[in-house]
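Single-letter residue listing:
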Amino acid sequence: MNVKLVSAAEVKNVLTFKDLIPLMENALKKFSEKKIEQPVRTVIPVRESNGFLGIMPAYSSQDQALAAKLVTFFPHNTDVPTHNAVIVVFNTSTGVPEMLMDGEVITTMRTAAVSAVATKHLCSVEEPRLAILGSGVQARSHYQALSTLMKFKDVRIWSRTSANAESLSKELGCTSCNSAEEAVKDADVIITVTSSSKPVLMKEWVKPGAYINAVGACRPDWHEIDPALMNSAVLYVDSRNAALKESGDVILAKAEIYAEVGEVISGQKEVVKGKTTLFKSLGLAIEDVMSAKLVAELLSKTE
Ligand SMILES: NC(=O)C1=CN([C@@H]2O[C@H](COP(=O)(O)OP(=O)(O)OC[C@H]3O[C@@H](n4cnc5c(N)ncnc54)[C@H](O)[C@@H]3O)[C@@H](O)[C@H]2O)C=CC1
Ligand SMILES: O=C(O)C1=NCCCC1
């Protein structure tokens, strides 16, 4: 077996949001058009660490892309990232494994790119006030991704560790806030990217008509969003099947799913305008598979 290893540095060198955002838009569209082979991910709990191993395969015949991501989430990690991943890329004619690629950078970037796509379709405010709850890897990548699509009137960041919020705010040229309520006041776009298993965003703090990218809380007994907010917002998801199995935000609130964001992109569903709107992101294998194919193509051009 002759498998090419692709490091995180090599992925970082070639992957851009300029390429990734339209690619994720196309991946979400194809997923909701049922053109993708993808089960809901298998999750192996590692209870001693309150973490898990996720197994995420997908295949796109149209793109001749076949791969599987193995991703771990250990929320209490301090010296290493809380999320680590590898992607195995297979030859679609023979099934022979061809690449073993870093999946952490791809996960970091593709997740933010998906939120940027959802924001483009579901938020109509020209120069929004942005609030970010959380100050980790996804907080930074979400700011970077959305900044490629829009300017912000102002940006406020809250984190349970104020020093981390201050540090990221200084890095990005934003304002750090001492409470989530202060951060989201009058915000047009809110991004929740915490590892909290209890709500960090309450309905009464959110301006009517605001748009929320809810990215954390990927287990059925974890939630980031106040159930009252889940039940008052127009709810979009990346995958109905994944949301109904994995999303505590949806399950615990018994919230009604209006549409997959891919159904909006493909024109199967109209956007409901003028109402508080929430996109619940869980992460789809096809996002990783298409990202890995792009990285492989970009790397081949540099050889
Ligand atoms: N939807 C998707 O496709 C993906 C979702 N995620 C999720 O996004 C979230 C953020 O991921 P990363 O930024 O990579 O993690 P990270 O570990 O880099 O950052 C986590 C952030 O959450 C905060 N936090 C942790 N526990 C908290 C609590 N109990 N209350 C309030 N804040 C708390 C931390 O202080 C930190 O600011 C995680 O829940 C992760 O599982 C991650 C990758 C993909
Ligand atoms: O899609 C992913 O990759 C992940 N989603 C939820 C948190 C773990 C990684």
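Residues numbered from 1 in each chain as written. Chains lettered and ligands numbered in written order. Predicted model: local features only at pLDDT ≥ 70, side-chain atom pairs only at ≥ 80, totals over all residues. Heavy atoms only, no water.

Going by an unreviewed UniProt entry, the protein chain carries the name Ketimine reductase mu-crystallin and comes from Pinctada imbricata. Taken directly from UniProt, the Subunit (unreviewed entry) text for the protein chain runs: "Homodimer. Binds the thyroid hormone triiodothyronine (T3); T3 binding inhibits enzymatic activity." What the UniProt record of the protein chain gives under Sequence similarities (unreviewed entry) is the line "Belongs to the ornithine cyclodeaminase/mu-crystallin family." (UniProt positions renumbered as here; feature names shortened; annotations may be inferred.)

Right, let's get into the site of ligand 1. Taken together, 23 residues are adjacent to ligand 1, and T82, S135, Q138, T194 and S281 come closest. The contact in question runs from an oxygen atom of ligand 1 to an N or O atom on the side chain of R110, over 3.0 Å. S135 is positioned with one of its backbone polar atoms (N or O) 2.9 Å from an oxygen atom of ligand 1. Calculation on ligand 1 without its partners gives an accessible area of 860 Å², and the protein chains cover 86% of this total. Top contributing element to the shell around ligand 1 by residue count: helix α3 (residues 104-122), with three residues. Classifying every residue of the shell around ligand 1 by side-chain character gives six nonpolar, 15 polar and two charged. (Near = heavy atom within 4 Å. Polar contact = N/O pair within 3.5 Å; in protein donor to acceptor, adjacent residues only side chain to side chain. Areas by Shrake-Rupley, 256 points an atom, 1.4 Å probe, with all protein chains shown as cover. Helix = DSSP H or I, 4+ residues; strand = E, 2+ residues; numbered from the N terminus. Nonpolar A, V, L, I, M, F, W, Y, C, P; charged D, E, K, R; others polar.)

With 19 residues, α3 should reach 27 Å at 1.5 Å per residue; the first-to-last C-alpha distance of 27 Å fits that figure. Across the 19 residues that make up α3, a large majority, 16, are buried. (Expected span 1.5 Å × (residues − 1). Buried < 20%, exposed > 50% of the residue type's maximum accessible area, 1.4 Å probe, protein only.)

Right, let's get into the side chain of D238. If you trace the backbone, D238 turns up in the loop between β13 (234-237) and α8 (240-246). The buried charged residue D238 lacks any salt bridge, with R41 as its nearest oppositely charged partner at 6.6 Å. Only 2.8 Å separates the side chain of D238 from the backbone nitrogen of G283, close enough to count as a polar contact. When neighbours within four sequence positions are excluded, D238 is seen to be in contact with L28, F31, E260, F279, K280, S281, L282, G283, L284 and E287. (Lys, Arg positive; Asp, Glu negative; His and termini not counted. Salt bridge = Lys/Arg side-chain N within 4 Å of Asp/Glu carboxyl O. Contact = heavy atoms within 4.5 Å.)

Around ligand 2, the neighbouring residues are R41, F52, M56, K69, V71, H83, T107, R110, C218, L282 and G283. Measuring from an oxygen atom of ligand 2, one finds a side-chain N or O atom of K69 at 2.6 Å. Compared with its free state, where it exposes 270 Å², ligand 2 has 92% of that area covered by protein. Listing elements by their share of the shell around ligand 2, those giving two or more residues are β4 (51-60), β5 (65-73) and α3. A breakdown of the residues in the shell around ligand 2 according to their chemical character gives five nonpolar, three polar and three charged. Shared between two domains, the shell around ligand 2 takes at least three residues from each, and those domains are domain 1 (4-106 + 286-302) and domain 2 (121-283). (Domains from an automatic or database assignment.)

Attention now moves to the environment of K35. Its place among the elements puts K35 in the loop between α2 (17-32) and β2 (36-37). Sequence separation between K35 and R219 is 184 residues; the distance between their C-alpha atoms is 26 Å. Those residues in contact with K35, other than ones at most four positions away along the chain, are K30 and Q62.

Time to look at the packing of α3 against helix α11 (residues 285-302). Direction vectors running N to C along α3 and α11 enclose 115°, while the axes themselves pass 10 Å from each other. Viewed along their axes, α3 and α11 form a crossing whose handedness is right-handed. The residues of α11 that touch α3, namely those facing I106, T107, R110 and V114, are E287, D288, S291, A292 and V295. In the contact of α3 with α11, the residues fall into four nonpolar, two polar and three charged. (Axes fitted to C-alpha atoms, helices over the stretch in contact; angles between N-to-C directions. Left-handed = near helix turned anticlockwise from the far one by under 90°.)

With that out of the way, let us pick up unusual backbone geometry. Positioned with a positive phi, Q64 is a non-glycine residue whose angle comes to about 45°. Along the chain, Q64 turns up in the loop between β4 and β5. Of note in the backbone geometry, A217 takes a positive phi value of approximately 50° without being a glycine. Position of A217 relative to the elements: it lies in the loop between β12 (211-214) and α7 (227-232). Taking relative accessible area as the criterion, A217 reaches 5% and is therefore assigned buried.

Once that is clear, we can look at the domain arrangement of the protein chain. For the protein chain, the domain assignment lists domain 1 (4-106 + 286-302) and domain 2 (121-283). With centres defined by C-alpha atoms, the gap from domain 1 to domain 2 works out at 23 Å. At the junction of the two partners, domain 1 supplies 16 residues and domain 2 supplies 25 residues. With both chains or domains summed, domain 1 and domain 2 bury close to 1,800 Å², and 65% of this area falls on carbon and sulfur atoms. (Buried area = accessible area lost by both parts, 1.4 Å probe.)

A few words on the pattern of salt bridges. The final tally for this structure, using the stated rule, is 16 salt bridges. With a shortest N-O distance of 2.7 Å, E246 and R41 are connected by a salt bridge. With E246 in helix α8 and R41 in the loop between β2 and β3 (42-46), this pair connects stretches of sequence that are 205 residues apart. An identical accessibility class is assigned to E246 and R41; each is buried. Measuring nitrogen to oxygen at the nearest pair gives 3.3 Å for the salt bridge that ties E287 to R110. Of this pair, E287 sits in helix α11 while R110 sits in helix α3, and the two are 177 residues apart along the sequence. Sharing partners across several salt bridges, the network here consists of K69, R110, E287 and D288.

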